[in-house]
Amino acid sequence: MTSNELLPKVGSYEFMVEPFHCDFSSHLFPGHLGNGMLNAADYHSGDRGYGVAELNLSHRTWVLSRFAIEILDMPKAYDKVIGETWVEAAKKFFTSRNFAVSSPDGSKAYAYGRSIWAMIDTDTRQPADIFTIKDGLLAKYIETDKPCPIAPPSRVVLGHDLELARKVVAQYNDVDINGHVNSVKYIDHVLDLFSLDYYKSHRLKRIDIAYVAESHAGDTLCLYKKQTISTEEEDEYVVRMTKESPAEKSKEVEIVRCKVKFVKD
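Residues numbered from 1 in each chain as written. Predicted model: local features only at pLDDT ≥ 70, side-chain atom pairs only at ≥ 80, totals over all residues. Heavy atoms only, no water.

A few points about the packing of helix H1 (residues 30-47) against helix H3 (residues 183-191)
The condition is simple: Comment: axis = line fitted to C-alpha atoms, over the contacting stretch for helices; angle = value between 0 and 180 degrees taken between N-to-C directions. Helix and strand definitions here come from DSSP, where helices need a minimum of 4 consecutive H or I residues and strands a minimum of 2 consecutive E residues; each element is numbered from the N-terminal end. With respect to orientation, any angle under 35 degrees is reported as roughly parallel, any angle over 145 as roughly antiparallel, any angle of 65 to 115 as roughly perpendicular, and every other angle as oblique. In this scheme the handedness of a crossing depends on how the near helix is turned from the far one: anticlockwise by less than a right angle means left-handed, clockwise means right-handed. By definition, residues are in contact when any of their heavy atoms lie within 4.5 Å. Only Asp, Glu, Lys and Arg are considered charged, only Ala, Val, Leu, Ile, Met, Phe, Trp, Tyr, Cys and Pro nonpolar, and every remaining residue, Gly among them, polar.
Here H1 crosses H3 at 165°, and the two axes come no closer than 9 Å. Taken together, the axes of H1 and H3 are roughly antiparallel relative to one another. Viewed along their axes, H1 and H3 form a crossing whose handedness is right-handed. Touching Pro30, Gly31, Gly34, Asn35 and Leu38 of H1 are Ser183, Val184, Asp188 and Leu191, all from H3. A class-by-class count of the residues in the contact of H1 with H3 yields 4 nonpolar, 4 polar and 1 charged.

With respect to H3
Going by this rule: In this scheme, a residue with accessible area under 20% of its type's maximum is buried, one over 50% is exposed, and one in between is partly exposed, where area comes from a 1.4 Å probe on protein chains only. For the purposes of these results, a polar contact is taken to be a pair of N or O atoms within 3.5 Å, where, inside protein, one atom must be able to donate a hydrogen and its partner to accept one; residues adjacent in sequence count only when each atom of the pair is a side-chain atom.
The buried count for H3 comes to 7 of 9 residues, which makes it a mostly enclosed element. Along H3, the residues that are buried comprise Ser183, Val184, Tyr186, Ile187, His189, Val190 and Leu191. One side-chain oxygen of the residue at the start of H3 lies 2.8 Å from the amide nitrogen of Val184, identifying that residue as Asn182.

Description of the packing of aromatic side chains
To keep it simple, the criterion reads: Aromatic rings from Phe, Tyr and Trp, with only the six-membered ring used for Trp, were paired whenever their centres fell within 6.5 Å, and each pair was classed as stacked if the ring planes differed by under 30 degrees, edge-to-face if by over 60, and tilted otherwise.
Considering all chains together, one arrives at 11 aromatic pairs under this definition. Note on Tyr186 and Tyr211: the rings are 6.0 Å apart at their centroids and 55° apart in plane angle, and the pair reads as tilted. Of the two residues, Tyr186 sits in helix H3 while Tyr211 sits in strand E7 (residues 202-211), which places them 25 residues apart along the sequence. Relative to Phe262, the ring of Tyr199 has its centre 5.8 Å away and its plane inclined at 70°; by these criteria the two rings are edge-to-face. Note that Tyr199 is positioned in helix H4 (residues 196-201) and Phe262 in strand E10 (residues 248-264), a separation of 63 residues in sequence. Taken together through their ring pairs, the aromatic side chains of Phe194, Tyr198, Tyr199, Tyr237 and Phe262 make up a single cluster.

Okay, here's the thing in C-alpha cells:
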C-alpha cells in the first residue's frame, strides 16, 4: 500500500476448518472461531498500517477490552469459510471492530462478533491516543454502512452467590507473544466448566467477555459460576474469573467477567 492508496474498509479472509480444530461432533471449537476472528483483525489492521507490528515501533499496542460472539451454525471439519472484519467506530482511546463468518458464496451465515479495543503505551501501560498514529489513519477505515446484526458486548452483571467451580494454573500453552494469558484461552477455560455430556444436548449460542486485568504464567485462575436463566429452550450462566499470583496467593484480583448462553438441541 502506498501512502496515497487505501485498501477496502472491509477485510475478507478465506480459511478451511481444520479437523484438529473441531470437537467430538466435528464442529469447530468456539475458541478456534474466536482465534479466527482475532487473526482476521490482525491481518486487517496490519495490512492497513496500524497493526501491532507497526504500533510496536512507537511503543504502542492494541488490547482487547470486550468481545462478543454469537453463533448461528458452527462450521464443520473441512468447510471453507470467509471471515470478514471492519472497524465500526473509533474514539480517542477505544475502537469497535465487527466480524462476520459465512460460507464462501455468502449464502450461509455462521457467526458474528463484536469487539472493543484500547490502544495503550507499552511502557506506561496507560491509554494512548489512537489518532496520533499516522495522522489518524484509522479514521479513514471506519465503515458505518455494513451492518452487524447482533447486540454489542453487554455489560456483564455478575450479582452475588457465584460458587467456585474450578482452579486452573496458567501454563505454557496459555501464554501468547505478549507474555500474558491469551484472550481466547480465557474463553476455553470458561467453556471447560461444562461437561462433554452437557455439550451433547446443548449448543453455545453467545458469549460475552470483558477483560479486566492481565494474568501470567504461574497465576492460579479461580473460576466462579452461577446459572441465571434455565428454560426449556436456553440456559445462561455468568462466570467471574480471578487470579492468585504466586507471590500473593491469599489475594484474588478480578481478571475476567463473562456471560454464556446455551440453547438446547
